[in-house]
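Analysis of the macromolecular model
Residue-level listing of the chains:
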Amino acid sequence: MQKILLTLFALVVLVSCAEKKSDKNFVLNGHIKGLKSGTIYIQRIKDTVLVPIDTIKIDGDAHFVSEFNLDSPEMLYLFLDRGVTNSLDNNIPFFAEKGVMTLETSLDFFTADAKITGSKNQALYDEYRKVMSRYVDQDLSLIEKKFKAYKSSQLDEVAKLDEEQKGIIKRKYLYTTNFAVNNGDYEVAPYVALAEIYDINLKFLDTIQKSMSPKVAKSLYGKKLNEYIAERKKIGK
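Please read all numbers here as calculations on a predicted model, not as lab measurements. (Residues numbered from 1 in each chain as written. Predicted model: local features only at pLDDT ≥ 70, side-chain atom pairs only at ≥ 80, totals over all residues. Heavy atoms only, no water.)

So, the overall build of the protein
As a reminder, the rule being used: Helix numbering and strand numbering both begin at the N terminus, where a helix is a DSSP run of H or I of at least 4 residues and a strand a DSSP run of E of at least 2. Only protein chains enter the accessibility calculation, which uses a 1.4 Å probe; a residue whose area is less than 20% of its type maximum is buried, one above 50% is exposed, and one in between is partly exposed. Two residues form a contact once any of their heavy atoms are found within 4.5 Å. Reported accessibility uses the Shrake-Rupley method at a 1.4 Å probe radius. Residues are deemed covered only where the shown protein chains occlude them.
When you go through the protein residue by residue, the secondary structure sums to seven helices and eight strands. Residues counted as buried form 36% of the 237 residues belonging to the protein. Sequence separation of at least 24 residues holds for 58% of the intrachain contacts in the protein that already meet a minimum separation of 6. A total accessible area of about 14,800 Å² is found for the protein, and carbon and sulfur atoms account for 55% of it.

Okay, structure coming up:
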């Protein structure tokens, strides 16, 4: 009798799990440590404006699930409306792709603590941002030095620092180009080209375009990059 009951219990669990399986091709499991109440919006950029895809109310439980169909890998944004105070630290970008992803963070350090898994594009984008942050730090350091040089009327030093800043920009553009070319099998490649180096010389964009796999070329950002390059060639820039 006990074995029969255990078997029936196991069947109930299996049926329950089957019922919970999502019929959507994208699932985001999230947890915001310390969050008691608020509203989470999953957003995408449409015509340069952020528009909501999903809205989740948090009331006591800091865990949440967002499910919807995703046509192509895409940079989405998790926005938290804390309901009490406005904060600049309330928007987490994440590179969504079909499958199950996990996003974990904390209320106190919302963007800094964000850990996102389940997406190869996201993992590559994290690597890219880590390198780019070094260039940003270097540029900020030069800005501080340049400000002090201006105050001291050290014009030769200002000119020198200007050249150093131009060098950083060149290195950023070169790194982004190499990153996109080396990762042509992933949608993050055309994304960074469009988001970070859209004004680079066309020959570099052509190189990135040729490095894209057929699958990536047909993706959301692959199509956008192709359209952008065609438009620039059309106007001769």
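Notes on the side chain of Thr105
Tracing the sequence through the fold places Thr105 in strand S7 (residues 99-106). When near neighbours in sequence (up to four residues on either side) are disregarded, Thr105 contacts His31, Ile32, Lys33, Ile92, Phe110, Asp113 and Ala114.

Describing helix H5 (residues 202-211)
This is how it is decided: What the arc describes is the spread of directions from the helix axis to the C-beta atoms.
Within the sequence span of H5, burial applies to Leu202, Leu205, Asp206 and Ile208. Along the axis of H5, the buried residues cluster in a sector spanning 165°; they form a single face. Along H5, the residues that are exposed and aim more than 90 degrees away from the buried face are Lys203 and Lys210. Buried-residue contacts for H5 involve helix H3 (155-182), helix H4 (188-196) and helix H7 (220-235).

Quick word on the packing of H5 against H7
Here is the rule we go by: Orientation is described by lines fitted to C-alpha atoms, with helices fitted over the stretch in contact, and by angles between N-to-C directions that extend from 0 to 180 degrees. For classification purposes, angles smaller than 35 degrees are called roughly parallel, those larger than 145 roughly antiparallel, those between 65 and 115 roughly perpendicular, and all remaining angles oblique. Note on convention: the crossing is left-handed when the near helix lies turned anticlockwise from the far helix by less than a right angle, right-handed when the turn is clockwise. Gly is put with the polar residues, along with every residue not named as nonpolar or charged; the nonpolar set is Ala, Val, Leu, Ile, Met, Phe, Trp, Tyr, Cys and Pro, and the charged set is Asp, Glu, Lys and Arg.
Remark: H5 packs on H7, axes separated minimally by 11 Å, with the N-to-C direction vectors making an angle of 150°. Classed by the angle they form, the pair H5 and H7 counts as roughly antiparallel. You can see that H5 and H7 cross each other, and the crossing is left-handed. From H5, Leu202, Leu205, Asp206, Ile208 and Gln209 reach across to H7, where they touch Leu225, Asn226, Tyr228, Ile229, Arg232 and Lys233. Taken together, the residues of the contact of H5 with H7 sort by class into six nonpolar, two polar and three charged.

Structural notes on the pattern of salt bridges
Note the threshold: Within this document, salt bridges are pairs made up of a side-chain nitrogen of Lys or Arg and a carboxyl oxygen of Asp or Glu, the two lying within 4 Å of each other.
Under the definition given, this model contains seven salt bridges. In this structure, Arg44 engages Glu74 in a salt bridge whose closest nitrogen and oxygen atoms are separated by 2.9 Å. In this pair, Arg44 sits in strand S2 (residues 37-46) while Glu74 sits in strand S5 (residues 74-81), placing the two residues 30 residues apart along the sequence. Assessed through its relative accessible area of 24%, Arg44 is described here as partly exposed. Of the charged contacts in the structure, one is a salt bridge between Lys146 and Asp162, with a shortest N-O distance of 2.7 Å.

Looking at the pairing of strand S1 (residues 26-33)
Cut-off, in case you're wondering: When DSSP finds two or more bridges between two strands, those strands count as paired.
Where S1 lies against strand S4 (residues 63-68), six bridges are found, and the strand directions are antiparallel. Its bridge partner lying in S4, Asn29 is registered against Val65. Strand direction decides the pairing type here: S1 and S7, joined by eight bridges, are parallel. Its bridge partner lying in S7, Leu28 is registered against Met101.

Side note on the layout of surface pockets
Which entries qualify depends on this criterion: Think of a 1 Å grid over the protein atoms and nothing else: a 1.4 Å probe that fits but is trapped marks a cavity, an open set flanked by protein within 12 Å on at least five of seven lines marks a pocket, and residues with an atom within 4 Å of a point count as lining. Grid points are joined across faces, edges and corners, and a volume is the space filled by probe spheres set on the points.
What the largest pocket holds in volume is close to 450 Å³. Along the wall of the largest pocket there are 14 residues; nearest its centre are Ile45, Tyr191, Leu220, Tyr221 and Lys224. Mapped onto the lining of the largest pocket, the elements with two or more residues apiece are S2, S5, H4 and H7. For the lining of the largest pocket, the per-class residue count stands at nine nonpolar, no polar and five charged. For the second largest pocket, the calculated volume is near 210 Å³. The wall of the second largest pocket is formed by Arg44, Asn69, Leu70, Asp71, Ser72, Pro73, Glu74, Glu187, Lys215, Lys218, Ser219 and Leu220. A class-by-class count of the residues in the lining of the second largest pocket yields three nonpolar, three polar and six charged.

Considerations on the packing of helix H2 (residues 120-151) against H4
Close contact between H2 and H4 brings their axes to 10 Å; oriented N to C, the two are set at 40°. Relative to H4, the element H2 lies oblique. Considering only the axes of H2 and H4, their crossing is right-handed. Across the interface between the two elements, Asn121, Leu124, Tyr125 and Tyr128 of H2 pack against Val188, Tyr191, Val192 and Glu196 of H4.

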